[in-house]
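Below, each chain spelled out in residue letters.
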Amino acid sequence: MTQPLVISIDAMGGDHGPPVVIPALVRAAQALPPDVRFLLHGDEAVLTRGLSRHAEARARVEIRHTDKVVAMDEKPAQALRRGKGSSMWNAVEAVREGEAVAAVSAGNTGALMAISRLILRMIGELERPALVASIPTPRGITTFLDVGANIDCDAARLVEFAIMGEAYHRAAYGTAKPTVGLLNVGAEEMKGHEEVREAGRILREGKIDLAYHGFVEGYDITGGAVDVIVTDGFTGNVAMKAMEGAAKFMGAELIGALTGGLMTTLGAVLARSALRKFRDRISPPPAAPFLGLNGIVLKSHGGASARDFAQAIRLAVDLAHSGFSAEIERNMRRLPDALAEPASDPAGSSPEAAAAAQGATE
């Protein structure tokens, strides 16, 4: 008999909680193989009532009762002190105890990262997890990290992100040898701040088994120049929110243009299927996994719809079937030797090169 694959779910986290999690779970149960089971953490009475009309999904669910919830505005330090026994804490703890292969939550991002790091610990010598986003491009998907978990990053941290992002992209999208780029203010080697130039040097040396492309620029995030783009959490978070804002603006403008008159509205009705595909392409990714943990944890949007949260559950299953954690560990063993190489400044020592490295963007 096949061993069931269990996904642990924080059913109370996010802006909506059970009213979104329950229909999402029903959707996921319909799409996933019967050996996938679900461990729900939250208010038992509420969850039982929500599942009462979904007998098939209910048969695949075990409910673990808790009335304790990590608030969306709770600081990570507070969540660590007060969060034990909450739906978020218990969902992650189930992964550590081997009861589940992955945890999914739409709750407080900072709290989820802190709790996951405390409970699961990091792979090897990694210090903190990275938050990864999947960006649609003309070539498919670009894996983009870090998008908010690590504000300040040195060269070693950026190289760690490259290792994690490459392994994740291979696992999630089946690319045999994903290409990796470092986000910079220009593609030339002398441009950018010291940390990104040093990270580029380490990756160019080839001691880490990655298909390193070189520096890429902001438009390459959605342009599909490489499979994986690496940056610090400050830059990544700003870029993600800028893209999300642009997508919302474009969507609102399109709706306004298509409902401005009888003929345009009729055209919109006839083009409903194409417009739905357009919406799906520009929508933010439904979930962002934390990479580098000794276990799989996915963060869904706080305001995720049932459709979004169901996609997050399905992604958790896909990652559980992959070996990306082992690939991260394998390449992490090569990192100390690569970092030990003497640094050489690709910008050179001339005043002109130094000035270019400080922020020339053309």
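In this text the structure is predicted, and so the values were computed from the model without any measurement.

Caption draft 1: Quick peek at the overall build of the protein chain. Secondary structure assignment for the protein chain yields 16 helices and 11 strands. By residue count, 48% of the 362 residues in the protein chain fall in the buried class. Taking as baseline every contact in the protein chain between residues at least 6 positions apart, the subset at least 24 positions apart corresponds to 72%.

Caption draft 2: Main features of helix α8 (residues 194-205). Over its 12 residues, α8 runs 17 Å from end to end, which matches the ideal 16 Å to within 8%, given 1.5 Å per residue. Three or more residues of α8 are buried, namely Val-196, Arg-197, Ala-199, Gly-200, Arg-201, Ile-202 and Leu-203. Looking at the residues trailing α8, positive phi occurs at Gly-206, about 80°.

Caption draft 3: Seen up close, the confidence of the model for the protein chain. Looking at the protein chain as a whole, its pLDDT mean stands at 84, while 87% of the residues score no less than 70. Confidence drops under pLDDT 50 across residues 343-362; counting only partners more than four residues distant or on other chains, this segment forms 25 contacts.

Caption draft 4: Fine view of unusual backbone geometry. Here Leu-145 and Asp-146 are connected by a cis peptide whose omega angle stands at 0°. Mapping Asp-146 onto the fold places it in the loop between β6 (140-145) and α7 (155-173). Even without being glycine, Arg-121 reaches a positive phi, approximately 65°. Take Arg-121: its relative accessible area is 52%, and that puts it in the exposed class.

Caption draft 5: Molecular detail of a nonpolar patch on the surface. Taken together, Ile-151, Phe-234 and Val-238 make up a surface patch of nonpolar side chains, about 290 Å² in accessible area. Note on placement: Ile-151 falls in the loop between β6 and α7.

Caption draft 6: The arrangement of the pattern of salt bridges in detail. All chains considered together, the criterion is met by nine salt bridges. Two residues, Arg-96 and Glu-97, come together in a salt bridge whose shortest N-O distance is 3.0 Å. For Arg-96, a relative accessible area of 44% gives the class partly exposed. Here Arg-139 makes a salt bridge to Asp-227, at a shortest N to O gap of 3.9 Å. Of the two residues, Arg-139 sits in the loop between β5 (130-137) and β6 while Asp-227 sits in the loop between α9 (220-223) and β9 (228-230), which places them 88 residues apart along the sequence. Given a relative accessible area of 53%, Arg-139 falls into the exposed group. Residues participating in the shared-partner salt-bridge network are Glu-62, Arg-64 and Glu-99.

Caption draft 7: Representation of the sheet that holds β6 within the structure. Pairing in this open sheet of 11 strands is mixed, and the strands run β3-β2-β1-β4-β11-β10-β5-β6-β9-β7-β8 from one edge to the other. Either end of the sheet is taken by a strand with one partner, and the two such strands are β3 (61-65) and β8 (211-216). Between one strand and the next, the sheet's axes are offset by a mean angle of 25°, whatever the strand orientation. Summarising the sheet, strand β1 (residues 5-10) and strand β2 (residues 36-42) pair through six bridges and their orientation is parallel. When the sheet's bridge partners are listed, Leu-5 is paired in β2 with Val-36. Across the sheet, helix α5 (residues 87-96) is in contact with β1, β2, β4 (102-105) and β11 (296-300); its angle to β1 comes to roughly 160°.

Caption draft 8: Representation of the layout of surface pockets within the structure. Empty space within the second largest pocket amounts to approximately 520 Å³. Around the second largest pocket, the lining is made up of 22 residues, and of these Thr-109, Leu-131, Val-147, Asn-237 and Lys-241 lie nearest the centre. Ranked by the residues each element gives to the lining of the second largest pocket, the list is headed by helix α10 (residues 233-258), at four residues. Partitioned by chemical class, the residues of the lining of the second largest pocket number 12 nonpolar, six polar and four charged.

Procedures and definitions
Residues numbered from 1 in each chain as written. Predicted model: local features only at pLDDT ≥ 70, side-chain atom pairs only at ≥ 80, totals over all residues. Heavy atoms only, no water. Helix = DSSP H or I, 4+ residues; strand = E, 2+ residues; numbered from the N terminus. Buried < 20%, exposed > 50% of the residue type's maximum accessible area, 1.4 Å probe, protein only. Contact = heavy atoms within 4.5 Å. Expected span 1.5 Å × (residues − 1). pLDDT = per-residue confidence, 0-100. Patch = residues over 30% accessible without salt bridge, like charges linked within 9 Å, V, L, I, M, F, W, Y side chains within 5 Å. Areas by Shrake-Rupley, 256 points an atom, 1.4 Å probe, with all protein chains shown as cover. Salt bridge = Lys/Arg side-chain N within 4 Å of Asp/Glu carboxyl O. Pairing = 2+ DSSP bridges. Axes fitted to C-alpha atoms, helices over the stretch in contact; angles between N-to-C directions. 1 Å grid on protein atoms, 1.4 Å probe; cavity = no way out; pocket = protein on both sides within 12 Å on 5 of 7 lines; lining within 4 Å. Points joined across faces, edges and corners; volume = space filled by probe spheres on them. Nonpolar A, V, L, I, M, F, W, Y, C, P; charged D, E, K, R; others polar.

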